[in-house]
Amino acid sequence: MRTIDDLDVAGKRVLVRADLNVPLQDGKITDDGRIRASVPTIQALREKGAKVVVCAHLGRPKGEVKSEYSLAPVAVRLGELLGADVTFATDVVGESARGVVAGLDGGQVALLENLRFEAGETSKDDGERGAFADRLAALAEVYVGDGFGAVHREHASVYDVPRRLPHAAGGLIVTEVEVLKKLTEDVERPYAVVLGGSKVSDKLGVIDNLLGKADRILIGGGMVFTFLKAQGHEVGQSLLEADQLDTVRDYLRRAEEAGVEFVLPVDIVAATAFAADADHDVVAADAIPADRLGLDIGPESGKLFASRLAGTKTVFWNGPMGVFEMEPYSHGTRAVAQGLIDSGAFTVVGGGDSAAAVRTLGFDENAFSHISTGGGASLEYLEGTTLPGLQALED
Ligand SMILES: Nc1ncnc2c1ncn2[C@@H]1O[C@H](COP(=O)(O)OP(=O)(O)O)[C@@H](O)[C@H]1O
Ligand SMILES: O=C(OP(=O)(O)O)[C@H](O)COP(=O)(O)O
């Protein structure tokens, strides 16, 4: 992959695809890790005299303009971190964007509004996506891919725009790939993978491939309930991928045949509502009341998971064990984070929310071997498939 040192960017308009998908609460950024991770590449381009046009997505607004998904607060924080003004365009490829970009001098930075306000960004229709990619590419003369957390998405800004402009990988992508490569080549065993979070349908699929790679697979977070249901247990109102039950049964059967250890929670924190102040109790994992939803793994499961991480040499973790944003449901995530640290293994934590969790729960980032900005992206990278956003940069 070419890097930004291989590009002539002085005085040129450079479109940087970053991953600035940060958690927000009441319009306030609760963890700015992904913004900080994007700063070095932007700073390097400024120093080279580029006119830097940053583009990114926030959440999943599905092609509609929704003010709660505006990148405006991110522009402010990015400016603070860069120590420079960041001009915010109130649209993606419209009049505001064109005006803001035209007004940039070398070394200056602009941020476009949320890419996913445009249906073309995520469209599965090549024509629609291509038409949007044309408009986005027209804003710039050079493209730099640096949004590692989104490289698994075949989206216009990730996959189609680099095919239209001279391109290179930014420093964040280079670093992420360097570290994750180690987990695909010479992984030290026992190798454990911990999966949780809420993007269940996205991430269940990677287990297929992990069965041939990991020695232990620990399941927490919103992933749990599809497994418990597949084993015949009641999961109440918990997150469930009802159409994946056969797939999950197949995983459990194949894991047994292959000698891969599946570790599922033995207890669950079950609440009456998705709220911090809802009534909640620890219940056995096979006895979740029909009117409750599981929002964390229970204390016995926290201990069990930590014990199964002890003695491992490599751990990859994506997805919080519970709704860590609410204190009553944060203990499982805390136990697993501590379990990783205590294992003494080579530990990689991946994912926007997983990385935010370890920081907001007060863990020292340096206690982990690597904190990746990508969850789904790193999981798919570990599968060994070529990711659209990396392939586009290699071509
Ligand atoms: N049992 C659960 N039910 C609903 N949501 C959950 C549950 N456990 C974890 N979550 C949520 O999962 C989210 C993170 O999931 P995900 O995006 O897949 O992780 P990452 O960003 O680390 O890849 C968090 O916001 C957390 O609140
Ligand atoms: O948050 C992200 O991924 P992650 O939750 O897997 O870390 C990325 O910004 C990608 O977002 P998407 O999963 O909505 O495409």
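Residues numbered from 1 in each chain as written. Chains lettered and ligands numbered in written order. Predicted model: local features only at pLDDT ≥ 70, side-chain atom pairs only at ≥ 80, totals over all residues. Heavy atoms only, no water.

- With an unreviewed UniProt entry as reference, the protein chain is termed Phosphoglycerate kinase, source organism Actinomadura fulvescens.
- The UniProt entry for the protein chain carries this comment under Sequence similarities (unreviewed entry): "Belongs to the phosphoglycerate kinase family."
- Database annotation for the protein chain, UniProt heading Catalytic activity (unreviewed entry): "(2R)-3-phosphoglycerate + ATP = (2R)-3-phospho-glyceroyl phosphate + ADP". (UniProt positions renumbered as here; feature names shortened; annotations may be inferred.)

## Focus: the pairing of strand β1 (residues 13-17)
Moving on, step 1. Counting buried positions over the five residues of β1 gives four, a clear majority of the element.
Moving on, step 2. Pairing between β1 and strand β4 (residues 51-55): five bridges, direction parallel. Of the residues in β4, the one forming a bridge with Val16 is Val54.
Moving on, step 3. Pairing analysis gives four bridges linking β1 to strand β7 (residues 142-145), with the strands arranged parallel. Bridge assignment links Val14 to a residue of β7, and that residue is Val142. (Buried < 20%, exposed > 50% of the residue type's maximum accessible area, 1.4 Å probe, protein only. Helix = DSSP H or I, 4+ residues; strand = E, 2+ residues; numbered from the N terminus. Pairing = 2+ DSSP bridges.)

## Concerning the side chain of Asp19
Moving on, step 1. Here Asp19 lies in the loop between β1 and β2 (24-25).
Moving on, step 2. Of note is the side chain of Asp19, whose polar atom sits 3.5 Å from the side chain of Arg34.
Moving on, step 3. Among residues more than four places away in sequence, those in contact with Asp19 are Arg34, Ser38, His57, Gly147, Gly149, Ala150 and Thr373. (Polar contact = N/O pair within 3.5 Å; in protein donor to acceptor, adjacent residues only side chain to side chain. Contact = heavy atoms within 4.5 Å.)

## Considering the pattern of salt bridges
Moving on, step 1. In this structure the tally under the stated criterion is 27 salt bridges.
Moving on, step 2. Of the charged contacts, one joins Asp250 and Arg254 as a salt bridge, the two residues approaching to 3.1 Å between their closest N and O atoms. Residue Asp250 and its partner Arg254 are located together in helix α11 (residues 245-258), separated by four residues, close to a single helical turn.
Moving on, step 3. For Asp250, a relative accessible area of 25% corresponds to the partly exposed category. (Salt bridge = Lys/Arg side-chain N within 4 Å of Asp/Glu carboxyl O.)

## Focus on the sheet that holds strand β11 (residues 261-263)
Moving on, step 1. A sheet is described by the order of its strands in space; here six strands give the open sequence β11-β10-β9-β15-β16-β17, paired in parallel fashion. The outermost strands of the open sheet, each flanked by one partner alone, are β11 and β17 (370-372). The mean angle between the axes of side-by-side strands here comes to 15°, regardless of whether they run parallel or antiparallel.
Moving on, step 2. Relative to β11, strand β10 (residues 216-219) is paired through three bridges, and the arrangement is parallel. What sits directly across from Arg216, in β11, is Glu261. (Axes fitted to C-alpha atoms, helices over the stretch in contact; angles between N-to-C directions.)

## Things to note about the UniProt feature "binding site: substrate" (unreviewed entry) in the protein chain
Moving on, step 1. The positions that UniProt labels "binding site: substrate" (unreviewed entry) are, in the present scheme, Asp19, Leu20, Asn21, Arg34, His57, Leu58, Gly59, Arg60, Arg116 and Arg153. Here the residues from the annotation list that line the second largest pocket are Asn21 and Arg34.
Moving on, step 2. Structurally, the position occupied by His57 is in the loop between β4 and α2 (72-82).
Moving on, step 3. Taking relative accessible area as the criterion, His57 reaches 4% and is therefore assigned buried.
Moving on, step 4. Setting aside its immediate chain neighbours within four residues, His57 contacts Arg17, Asp19, Leu20, Asn21, Leu71, Asn114, Leu115, Arg116 and Ala150.
Moving on, step 5. There is a polar contact of 3.2 Å between the side chain of His57 and the side chain of Arg17.
Moving on, step 6. Within the secondary structure layout, Arg116 lies in the loop between β6 (109-111) and α4 (119-122).
Moving on, step 7. For Arg116, the contacting residues outside a window of four places in its chain are His57, Gly59, Arg60, Pro61, Lys62, Gly63, Glu64, Glu121, Thr122, Arg153 and His155. (1 Å grid on protein atoms, 1.4 Å probe; cavity = no way out; pocket = protein on both sides within 12 Å on 5 of 7 lines; lining within 4 Å.)

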